[in-house]
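In case you want the letters, here they are:
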Amino acid sequence: MEDEQLGSAEKSLDVMDYVRVFRQHWMGVVALTLIGILCSAGWIFTQTPTYSSNSVGYVSIPGGDNMGSALAGDNLAKSKATSYASFASSRPVADAVISSLKLDVKPDALLKQITVTSAKDTPQIKITATADSAQEAQSLANAWVVALADQVKVLESTTPVKGQPAAADSIIKVVALGDAPLPTFPTSPNKKLSLILGALAGLIIGVAYALVRNHLDRRIRSIEMVERVIGTSVVGTIPVDDRLRNGQHVVENGQINHANSEGYALSEALRELRTNLHYMNVDNPPRVIVITSSIPSEGKSTIAANLAVTIAATGEKVILIDGDLRRPVVSEFFGLAGGGGLTDILSGQATLDDVLQVYGPVPALAVLGAGRIPPNPSELLGSQSMKRLLDALAKEAVVLIDAPPLLPVTDAAILARATDGALVVAGAGKTTIDELEKAVSTLAKVNAPLLGAVLNRVPTSGGQAAGYGYYGKSYYYRQDKASASGAAAGSKSVKGKKVRRNHAPAEPLTTPVKEYYADADEPQLTGAAQDFERLLHPVDDETVPRRLTRHL
């Protein structure tokens, strides 16, 4: 029943959905409309212009000296007009016109060029003649009325009897009401009407194309689409940032540069995500969060790294764990030393203080790499040792875990079950709604809490931006030119060369700490906790150990 309700909700489109569909596929709609106009123009170009001219014949019957005779004659004229309209489309009239104009055409073909109508309750007969030229149409209309009058005269006259006086002419006549006008423009093809019809046909096809594309396109196109299907909120929308396209992954340093608007949209989106996570439960906000996705290459690791920096920038202690034991990348993102990591702790070959590394630019952030790739990642992540480790770390810091995608492997679902919840990252315009729904269903099967979805690589401009909540360029702080120039000058060395922003790999902690697993049932974090406190609140006469010891 729930699936049927979700399916019906997904298929029903309101006005805003139609607007979104048009904004996304407006180029196709416009292109098809232009194609319709061009097709109409091509058809007009291939057609031979035809001209039309109208002539009117009036059925005349002389009236008597009194009113009764006049009314009787008028009624007879109206009745005769209807009969003569049919007679005007006959072969005898056509033969007479051919003879008078000396035309080389068959009567049946000529009759196709003539349209005869008679208005109701009037003694008038309207004749419309069409031809390839204006003069031919005018001559044909005039000749047709004359030929009709002659045929009516013959038709209504009586045949003389031998030995009797000659028959009198009929009193019923058809009189032409002036000459037919000379047409000044062709009546066919109707250029305006043809172009309008072509544009309308192209528009209809374009709208149908957009609706079909929207129906067949299962990729995520709006926040509402995600919330309707997975039944939870989208807690973050991470916009496209050009800096991430150049191989750089950690672009946040926890500071706002008022002199440079580059990346402001990304920074503000990460702060919004940080705030949303905090206010999910004000009294008990999530402390251990799994960041995963449905399929690979959706940017979950990049979001995890930059979110960790953003949270740590507030002074909150953060530990970022590389829980992807199949393709670990977190240590590489931060430029930290590889080698030992999570797997070494879980296997008992190292302590936490041996492998935990503090990120120098943001001392409140520590990174725990994946370590050596094991043959059994799922078993390690689901072990009791992993659960005890997370429980102990959560007492000292907010723990973010970069986990593998949900659909290829089960690691993320196993991790999420032992944490406060999972954030599912989905690529805007890339991930299909079916993939996201399956990923959420995987979490539901193991009773893992879902904190929400995060849309990544969201466009901030163009027709698709409105569906994700971006209606224009990002708003950023302004600064006067003097301050901006001073800040810009500070980014250069005395020789005028720019300082490279990439940091050297951080070095491991050298401060001796107590053994991590003092008690198998209750892990001790004395060394890590003291190290965090010393980094956050250094003492003047004490040298604070930092893993990041140099900059390039």
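Residues numbered from 1 in each chain as written. Predicted model: local features only at pLDDT ≥ 70, side-chain atom pairs only at ≥ 80, totals over all residues. Heavy atoms only, no water.

1. Comments concerning helix H2 (residues 15-24)
Convention followed: Categorising residues by exposure relies on relative accessible area from a 1.4 Å probe, with only protein chains included: less than 20% of the type maximum marks a residue as buried, more than 50% marks it as exposed, and the intermediate range marks it as partly exposed. The numbering of helices and of strands both runs from the N terminus, where a helix is a DSSP run of H or I of at least 4 residues and a strand a run of E of at least 2. By construction, the arc corresponds to the directions joining the helix axis to the C-beta atoms. Here, two residues are considered to be in contact whenever any of their heavy atoms come within 4.5 Å of each other.
Within H2 the residues assigned to the buried category are Asp17, Arg20, Val21 and Gln24. Relative to the axis of H2, the buried residues are bounded by an arc of 100° and lie together on one face. Next to the buried residues of H2 lie helix H3 (26-46), helix H8 (191-216) and helix H9 (223-230).

2. Some words on H3
Threshold: Helix span, as expected, comes to 1.5 Å for every residue beyond the first.
A rise of 1.5 Å per residue sets the reference length of H3, with its 21 residues, at 30 Å; its end C-alpha atoms lie 30 Å apart and thus fit the reference within 8%. Here H3 has its buried residues at Gly28, Val29, Thr33, Gly36, Ser40 and Ile44. Viewed end-on, H3 has its buried residues packed into an arc of 160°, placing them on one side of the element. Turned more than 90 degrees from where H3 packs its buried face, Met27, Leu38, Phe45 and Thr46 sit exposed. Here the buried face of H3 lies against H2 and H8.

3. Quick word on the sheet that holds strand S9 (residues 365-368)
Backbone-to-backbone hydrogen bonds pair the strands of a sheet. The strands run either parallel or antiparallel. This is how it is decided: Any two strands with at least two DSSP-identified bridges between them are counted as paired. Working convention: axes come from line fits to C-alpha atoms, limited for helices to the stretch in contact. Angles between N-to-C directions cover 0 to 180 degrees.
Pairing within the open sheet is mixed, and its eight strands lie in the order S5-S12-S11-S6-S10-S7-S9-S8. Because the sheet does not close on itself, it has two edges, and the strands there are strand S5 (234-239) and strand S8 (357-358). On top of the sheet, helix H10 (residues 264-278) reaches S5, strand S6 (288-293), strand S11 (421-427) and strand S12 (450-458); it is set at about 165° to S5, its chief contact.

4. Re the side chain of Ser194
Its place among the elements puts Ser194 in helix H8. With a relative accessible area of 13%, Ser194 lands in the buried category.

5. Observations concerning the layout of surface pockets
Short version of the rule: A cavity here means a set of 1 Å grid points, computed over protein atoms only, where a 1.4 Å probe fits but cannot escape. A pocket is an open set with protein on both sides within 12 Å along at least 5 of 7 lines, and lining residues have an atom within 4 Å of a point. Grid points are joined across faces, edges and corners, and a volume is the space filled by probe spheres set on the points. Under the scheme applied, nonpolar residues are Ala, Val, Leu, Ile, Met, Phe, Trp, Tyr, Cys and Pro; charged residues are Asp, Glu, Lys and Arg; polar residues are all the others, including Gly.
Its volume calculated, the second largest pocket comes out at about 610 Å³. Looking at the second largest pocket, it is lined by 25 residues, and the ones nearest its centre are Ser297, Glu298, Gly299, Lys300 and Arg457. By residue class, the composition of the lining of the second largest pocket is ten nonpolar, seven polar and eight charged.

6. A word on the sheet that holds strand S3 (residues 124-131)
Read across the sheet, four strands follow the order S2-S3-S1-S4 without closing on themselves; strand pairing throughout is antiparallel. Either end of the sheet is taken by a strand with one partner, and the two such strands are strand S2 (114-117) and strand S4 (173-176). Between one strand axis and the next, the sheet turns by 25° as a mean value, whatever way the strands run. The pairing of strand S1 (residues 51-60) with S3 spans eight bridges and is classified as antiparallel. The partner of Tyr51 across the bridge, within S3, is Ala131.

7. Regarding the packing of H3 against H8
Worth spelling out the cut-off: We call two directions roughly parallel when the angle between them is under 35 degrees, roughly antiparallel when it is over 145, roughly perpendicular when it lies between 65 and 115, and oblique otherwise. Crossing handedness follows the turn of the near helix against the far one: under a right angle anticlockwise gives a left-handed crossing, and clockwise gives a right-handed one.
Here H3 crosses H8 at 150°, and the two axes come no closer than 7 Å. Between H3 and H8, the angle falls in the class roughly antiparallel. Along this stretch, H3 crosses H8, giving a crossing that reads as right-handed. Taken together, the residues of H8 that come into contact with H3 (itself represented by Gly28, Val29, Leu32, Thr33, Gly36, Ile37, Ser40, Ala41, Trp43 and Ile44) are Lys191, Ser194, Leu195, Gly198, Ala199, Gly202, Leu203, Ile205, Gly206, Val207, Tyr209 and Ala210. For the contact of H3 with H8, the per-class residue count stands at 13 nonpolar, eight polar and one charged.

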